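Commentary on secondary and tertiary structure
As a plain string of letters, each chain reads:
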2 protein chains.
Amino acid sequence: MRVAVLYSGGKDSNYALYWALKQGFEVKYLVSMVSESDESYMYHVPNIHLTELQARAIGIPLVKGFTSGEKEKEVEDMKAVLEGLKIDGVVVGALASEYQKQRVDRVAKELGIESFAPAWHRDPVDYMREIIGIFDVVIVGTAAYGLDQNWLGRRIDEKALEELIKLNEKYKVHVAGEGGEFETFVRDAPFFRARVVFDEVEKKWNECSYSGVLEVRSAHLEPKGSSW
Amino acid sequence: MRVAVLYSGGKDSNYALYWALKQGFEVKYLVSMVSESDESYMYHVPNIHLTELQARAIGIPLVKGFTSGEKEKEVEDMKAVLEGLKIDGVVVGALASEYQKQRVDRVAKELGIESFAPAWHRDPVDYMREIIGIFDVVIVGTAAYGLDQNWLGRRIDEKALEELIKLNEKYKVHVAGEGGEFETFVRDAPFFRARVVFDEVEKKWNECSYSGVLEVRSAHLEPKGSSW
């Protein structure tokens, strides 16, 4: 089974990739859709280029598609990107977003290929426990009451997960960040030939919206073995 | 004819793309091979990410392939990237490099697709005259006696071309930079929906090797019309 994995660099798309590789699928391309609307025209948008660093570490070609960001147009733009790839399936890291899953399913159906969502409707705590057992994953964006700026740049480990579970009980923060409460970045995984190391970061905190971003100004890859 | 254009962001690959579009080819993907050896592991390698900004401006998906940079391995890595694309041909901006053209031809033959090199063996002065008539092109790297640091960031216009012709007569500098004398970056072309604007640049000059790089620290896209 030749597949493309929809890849943004966070925990869910890395989980999708991890799962696909474990199935023995031939992962031909990572596909990343860049939206004009939420990324703006600027080059120095935080972290957008880190996806390429991850793809280099993984060693799978990265396809960057561009879209205006208008909702329905976006689906068509994704379809056009996938259409030109010799693949039998597409794998997506959707957890609970009906909108995201439905549009990928629809595109797959129209292209006559299969669609996989290995994390779909997983129990958030179980899922996060598996995630932290596999990946070196950090929080690079927050947008939820209860997640103060100390969460920016924090590695999600067992202790962080316990705190997230408490925040869920107290403030209904989704433990896996499904409602956009936090964004993650995977610095290392079993299928990375090199790990991503952050050299220079800056916390950008907005007190009014009680949200923040960890801007990674520079980063590099550190080889993990001689195979690199 | 569905094609991929090998794309690095300089004048030759933009010319290849320009030519392909003029032929009425369906350009499905721009393909950029990133070599570990000459780009190192660093994220902040000058200008490497600007290719993505160009691809966004053009609106054609960009495929980034990764290679160790070992000569023969590189050909196989490129083949693997092209192999998964539904294309009938590949277009390359080769001017005079037998090595580059031969390896693209060989890969195309092995994949059963066509290979085009529209600038192949063009007269350098004629070619450069056409280039400056189509593109907003600047020099972002120099490595030849006669090309001092004033050339870094310089737009190639008619006057610059006249000077290059004189430098060719005097020092045998190739007018189109074929021998690696200079590297270019295309900021605008008829098929760009937005132009690339450099916000912050730094000239990095090495007196010992008499060579330099224009490092673009930040840049943005400026829309050219309402269609963007």
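Residues numbered from 1 in each chain as written. Chains lettered and ligands numbered in written order. Predicted model: local features only at pLDDT ≥ 70, side-chain atom pairs only at ≥ 80, totals over all residues. Heavy atoms only, no water.

Residue-level contacts link 41 residues of chain A with 41 residues of chain B. Counting each side, the surface lost to burial between chain A and chain B is near 3,400 Å², with a carbon and sulfur contribution of 57%. Counting every contact that joins chain A to chain B gives 2 salt bridges. In this structure, the salt-bridge partner of B:Glu52 is A:Lys64, at a minimum N-O distance of 3.2 Å. Breaking the side of chain A that touches chain B down by element, the ones donating at least two residues are strand 2 (26–35), helix 2 (36–39), helix 3 (50–58), strand 3 (62–67), helix 4 (71–83) and strand 9 (211–223) of chain A. The element best represented in the side of chain A that touches chain B is strand 9 of chain A, accounting for 7 residues. (Contact = heavy atoms within 4.5 Å. Buried area = accessible area lost by both parts, 1.4 Å probe. Salt bridge = Lys/Arg side-chain N within 4 Å of Asp/Glu carboxyl O. Helix = DSSP H or I, 4+ residues; strand = E, 2+ residues; numbered from the N terminus.)

In terms of residue burial, helix 3 of chain A counts as a mostly covered element, since 9 of its 9 residues are buried. Positive backbone phi, at 85 degrees, marks A:Gly59, one or two positions downstream of helix 3 of chain A. (Buried < 20%, exposed > 50% of the residue type's maximum accessible area, 1.4 Å probe, protein only.)

Time to look at the pairing of strand 3 (residues 62–67) of chain B. Extensive coverage of strand 3 of chain B is indicated by the burial of 6 of its 6 residues. Of the strand pairs in this sheet, strand 3 of chain A and strand 3 of chain B are connected by 3 bridges, and their pairing is antiparallel. Counted as the bridge partner of A:Lys64 is B:Leu62 from strand 3 of chain B. For strand 2 (residues 26–35) of chain B and strand 3 of chain B, the ladder comprises 6 bridges, and the chain directions are parallel. Looking across to strand 3 of chain B, one finds that B:Met33 is bridged to B:Gly65. (Pairing = 2+ DSSP bridges.)

All names here are of chain A. As for its position among the elements, Glu 181 is in the loop between helix 7 (158–171) and strand 7 (182–188). Side-chain polar atoms of Glu 181 contact the backbone nitrogen of His 174, separated by 3.0 Å. At 2.8 Å, the side chain of Glu 181 forms a polar contact with the backbone nitrogen of Gly 179. Apart from the residues within four sequence positions on either side, Glu 181 is in contact with Gly 141, Thr 142, Ala 143, Ala 144, Leu 147, Lys 172, Val 173 and His 174. (Polar contact = N/O pair within 3.5 Å; in protein donor to acceptor, adjacent residues only side chain to side chain.)

Relative to chain B, chain A is turned by 180 degrees and slid 0.0 Å along the rotation axis, the superposed coordinates differing by an RMSD of 0.0 Å. Overall, the copies show the geometry of a two-fold rotation axis. (Least-squares fit on C-alpha atoms with pLDDT ≥ 70 in both.)

Time to look at the sheet that holds strand 4 (residues 89–91) of chain B. The strand order across the open sheet built from 10 strands is 5(A)-4(A)-1(A)-2(A)-3(A)-3(B)-2(B)-1(B)-4(B)-5(B), with neighbouring strands paired in mixed fashion. Each end of this open sheet is capped by a strand with a single partner; those strands are strand 5 (114–116) of chain A together with strand 5 (114–116) of chain B. Strand-to-strand twist across the sheet, computed as the mean angle between neighbouring axes with direction ignored, equals 25 degrees. Here strand 4 (residues 89–91) of chain A runs beside strand 5 of chain A; their pairing, made up of 3 bridges, is parallel. Note on strand 5 of chain A: the bridge partner recorded for A:Gly89 is A:Glu114. On the sheet, helix 1 (residues 11–22) of chain A packs against strand 1 (2–6), strand 2, strand 4 and strand 5 of chain A and is oriented at approximately 165 degrees with respect to strand 1 of chain A. (Axes fitted to C-alpha atoms, helices over the stretch in contact; angles between N-to-C directions.)

Residue and element names in this part refer to chain B. Strand order across the open sheet formed by 4 strands is 7-6-9-8, with antiparallel pairing between neighbours. Whereas interior strands pair on both sides, the edge strands pair on one side only; in this sheet they are strand 7 (182–188) and strand 8 (194–206). Between one strand axis and the next, the sheet turns through 20 degrees on average, direction left out of account. Relative to strand 9 (residues 211–223), strand 8 is paired through 12 bridges, and the arrangement is antiparallel. Bridge assignment links Val 197 to a residue of strand 9, and that residue is His 220.

Once that is clear, we can look at the domain arrangement of chain A. Residues and elements named next belong to chain A. What the domain assignment lists for chain A is domain 1 (2–116) and domain 2 (124–223). Computed over C-alpha atoms only, the centres of domain 1 and domain 2 are separated by 20 Å. Counting residues at the interface gives 22 residues for domain 1, matched by 28 residues for domain 2. Summing both sides of the interface, domain 1 and domain 2 together bury roughly 2,100 Å²; the carbon and sulfur share of this comes to 69%. If you look at where domain 1 meets domain 2, you find 0 salt bridges. For the pair domain 1 and domain 2, the number of links is 8 residue pairs in polar contact (both at pLDDT 80 or more). Elements represented by at least two residues in the side of domain 1 that touches domain 2 include exactly helix 1 and helix 3. Among the elements that line the side of domain 1 that touches domain 2, the one with the most residues is helix 1, at 7 residues. (Domains from an automatic or database assignment.)

Let us look at the packing of helix 6 (residues 124–134) of chain A against helix 7 of chain A. Residue and element names in this part refer to chain A. Running from amino to carboxyl end, helix 6 crosses helix 7 at an angle of 160 degrees, the nearest separation of the two axes being 10 Å. One element, helix 6, and the other, helix 7, form an angle in the roughly antiparallel class. Like other packed secondary-structure pairs, helix 6 and helix 7 cross with a definite hand, here right-handed. Contact with helix 6, carried on its side by Val 125, Met 128, Arg 129 and Ile 132, involves Glu 158, Leu 161, Glu 162, Leu 164 and Ile 165 of helix 7 and no other residues of that element. Residue composition of the contact of helix 6 with helix 7, by class: 6 nonpolar, no polar and 3 charged. (Parallel < 35°, antiparallel > 145°, perpendicular 65-115°, else oblique. Left-handed = near helix turned anticlockwise from the far one by under 90°. Nonpolar A, V, L, I, M, F, W, Y, C, P; charged D, E, K, R; others polar.)

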